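One letter stands for each residue in the lines below.
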Amino acid sequence: MNADITKDPLGTGSNGQPVYLKDVWPSNKEIADTVAASLNREQFVHRYSGVTKGDKHWQAIQVDAESETYKWSDSSTYVRNPPYFTDITMEPKPVHDIVGARVLGLLGDSITTDHISPAGSIKKSSPAGEYLGERQILQKDFNSYGSRRGNHEVMMRGTFANIRIRNEMVPGIEGGMTKHEPSGEVMPIYDAAMRYQKDGVPLVMFGGKEYGTGSSRDWAAKGTVLLGVKAVVVESFERIHRSNLVGMGVLPLLFPAGMDRKTLALKGDEIIDILGVDDLSPGMTMQMVVHRADGSVDKVDLRCRVDTVDEVAYYRHGGILQYVLRGMATAA
């Protein structure tokens, strides 16, 4: 209601005088008395005692006899069992330096979370579109990335697949492409990442200023880690995306003042080492070693944006999801 309680009359009374909202609005005591007279404990017990049982549709879901959760459908293209906890152990594995990494992309300034993880329509010729097509989904039923966020297979194929994103490794091309090294083949970022994963090669992403701006889209960090990216090196981060990267076990690293991917003359064919991970501490300096194709080597000090003791713990556990799960298992 937009009426001003003192200035805007609601109408006129039987006496012809204006009636204001304040004249008919109940007092706090009248409201409290009405609530107390209308509600009782038995109503809440009746309404919520069976809330964990669910309705007939929930009860009809088939569950594993040894599990308290429903079965994952292998045929679903909307909801799939994500791999975050695959082979998880009670004790986290030690973290190590990132050695022998390849460059997945050289991105510019103001890369938004929508550049990283688009929410819009799925292009038929994209890796995500091909995935859905292979499962007999018609293009008219592709829907959007936003509607398929429960399927990591779609979302990781959509990571860095925005049709407007530009990777400086493949000048003149827009839309989620990169150059695989050392083959030199130009291909979708997803395809290159999967080839690197198959070969056991870690990845590093480079960017400019204000990396991760826009909405705090969790899939921008989830998709990044699922592609095999171990570190993101930029000039500056958007606050929430930096935190989300740490929460997914990806190192956010900053160039020193006056340096960026251009002053380093990065081409994307370099091999990258990130040293100091073993001794991770909040805000520490790490060394990046750049091995160039011509055999030359550059060493650069980077600021690690794992900012707090808690974030160090998240990273050492492989991410906040693993940290919380291990904590729950220990408490149980």
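Conventions and cut-offs
Residues numbered from 1 in each chain as written. Predicted model: local features only at pLDDT ≥ 70, side-chain atom pairs only at ≥ 80, totals over all residues. Heavy atoms only, no water. Buried < 20%, exposed > 50% of the residue type's maximum accessible area, 1.4 Å probe, protein only. Helix = DSSP H or I, 4+ residues; strand = E, 2+ residues; numbered from the N terminus. Arc of directions from axis to C-beta. Contact = heavy atoms within 4.5 Å. 1 Å grid on protein atoms, 1.4 Å probe; cavity = no way out; pocket = protein on both sides within 12 Å on 5 of 7 lines; lining within 4 Å. Points joined across faces, edges and corners; volume = space filled by probe spheres on them. Nonpolar A, V, L, I, M, F, W, Y, C, P; charged D, E, K, R; others polar. Phe/Tyr/Trp six-rings, centres within 6.5 Å; stacked < 30°, edge-to-face > 60°. Core = buried A, V, L, I, M, F, W, Y, C linked by side-chain atoms within 4.5 Å. Axes fitted to C-alpha atoms, helices over the stretch in contact; angles between N-to-C directions. Parallel < 35°, antiparallel > 145°, perpendicular 65-115°, else oblique. Left-handed = near helix turned anticlockwise from the far one by under 90°. Pairing = 2+ DSSP bridges. Salt bridge = Lys/Arg side-chain N within 4 Å of Asp/Glu carboxyl O. Patch = residues over 30% accessible without salt bridge, like charges linked within 9 Å, V, L, I, M, F, W, Y side chains within 5 Å. Areas by Shrake-Rupley, 256 points an atom, 1.4 Å probe, with all protein chains shown as cover.

Caption draft 1: Representation of helix H11 (residues 309–316) within the structure. Listed as buried for H11 are Glu311, Val312 and Tyr315. Seen end-on, H11 carries its buried residues on one side only, within an arc spanning 105°. Each element contacted by the buried residues of H11 is listed here: helix H10 (239–247) and strand E8 (251–254). Of the residues trailing H11, Gly318 is marked for its positive phi of about 95°.

Caption draft 2: Quick look at the layout of surface pockets. By volume, the largest pocket is sized at about 1,100 Å³. For the largest pocket, the lining is made up of 36 residues, of which Tyr84, Val225, Lys230, Gly318 and Gln322 are closest to its centre. Secondary-structure elements contributing two or more residues to the lining of the largest pocket are helix H7 (152–158), helix H8 (189–198), helix H9 (218–226), strand E7 (229–234), H11 and helix H12 (320–331). It is H8 that provides the largest number of residues to the lining of the largest pocket, a total of four residues. Split by residue class, the lining of the largest pocket holds 19 nonpolar, eleven polar and six charged. In this structure, the second largest pocket encloses a volume near 360 Å³. Surrounding the second largest pocket, 22 residues form its lining, Lys123, Ser126, Ala161, Ile163 and Gly175 being those nearest its centre. Residue composition of the lining of the second largest pocket, grouped by class: eleven nonpolar, eight polar and three charged.

Caption draft 3: The arrangement of the packing of aromatic side chains in detail. Overall, the coordinates contain four aromatic pairs when judged by the stated rule. Taken together, a centroid distance of 6.2 Å and an interplanar angle of 25° make the contact between Phe206 and Phe255 stacked. In this pair, Phe206 sits in strand E6 (residues 203–206) while Phe255 sits in the loop between E8 and strand E9 (271–275), placing the two residues 49 residues apart along the sequence. One exposure class covers both Phe206 and Phe255, and it is buried.

Caption draft 4: Spotlight on the nonpolar core. Of all hydrophobic cores here, the largest spans 39 residues; its most connected members are Leu104, Phe160, Met205, Tyr211 and Val232. Elements supplying a minimum of two residues to this core: helix H6 (127–134), H7, H8, E6, H9 and E7. Broken down by element, this core gets its largest block of residues, five residues, from H8. Setting aside residues no more than four positions away along its own chain, Met205 makes contact with Leu104, Gly105, Leu107, Phe160, Tyr211, Val229, Ala231, Val232 and Val233. Listed in part, the 30 residues of the second largest apolar core include Val95, Ala101, Val204 and Val306.

Caption draft 5: Molecular detail of the packing of H9 against H10. Two elements in contact, H9 and H10, have axes separated by 9 Å at closest approach and are oriented at 40°. Between H9 and H10, the angle is such that the two are oblique. The way H9 lies across H10 gives a crossing that is right-handed. Contacts between H9 and H10 involve Asp218, Ala220, Ala221 and Thr224 from the first element and His241, Asn244 and Leu245 from the second. Class assignment for the residues of the contact of H9 with H10 results in three nonpolar, three polar and one charged.

Caption draft 6: View of unusual backbone geometry. Omega for the bond connecting Glu181 with Pro182 falls within 30 degrees of zero, at 10°, which places this linkage in the cis form. For Ala265, which is not a glycine, the phi torsion comes out positive at approximately 55°. Among the secondary structure elements, Ala265 is positioned in the loop between E8 and E9. What makes Ala265 partly exposed here is its relative accessible area of 44%.

Caption draft 7: Representation of the sheet that holds strand E10 (residues 285–291) in the model. Spatially, E3-E6-E7-E8-E11-E10-E9 is the arrangement adopted by the seven strands of the closed barrel, whose pairing is mixed. Neighbour-to-neighbour, the strand axes of the sheet open up by a mean angle of 40°, direction not taken into account. Bridging between E7 and E8 involves four bridges; their strand directions are parallel. Note that in E8 the partner of Val234 across the bridge is Leu254.

Caption draft 8: Representation of the environment of Met156. Here Met156 is to be found in helix H7. Here Met156 falls in the buried class, since its relative accessible area comes to 7%. With residues up to four places along the chain from it excluded, the contact list for Met156 reads Tyr190, Met194, Leu226 and Leu227.

Caption draft 9: Seen up close, the pattern of salt bridges. Scanning all chains against the criterion turns up 19 salt bridges. Note that Glu185 and Arg195 form a salt bridge whose closest N and O atoms lie 3.1 Å from each other. Linking Glu185 in the loop between strand E4 (177–179) and strand E5 (186–188) with Arg195 in helix H8, this pair joins segments that are ten residues apart in sequence. Note on Glu185: relative accessible area 38%, which makes it partly exposed. Between Arg242 and Glu311 there is a salt bridge whose closest N-O contact spans 2.9 Å.

Caption draft 10: Just a nonpolar patch on the surface, in detail. A surface patch of nonpolar side chains, about 620 Å² in accessible area, is lined by Phe85, Ile88, Ile320, Leu321, Tyr323, Val324, Leu325 and Met328. For Ile320, the position within the fold is in helix H12.

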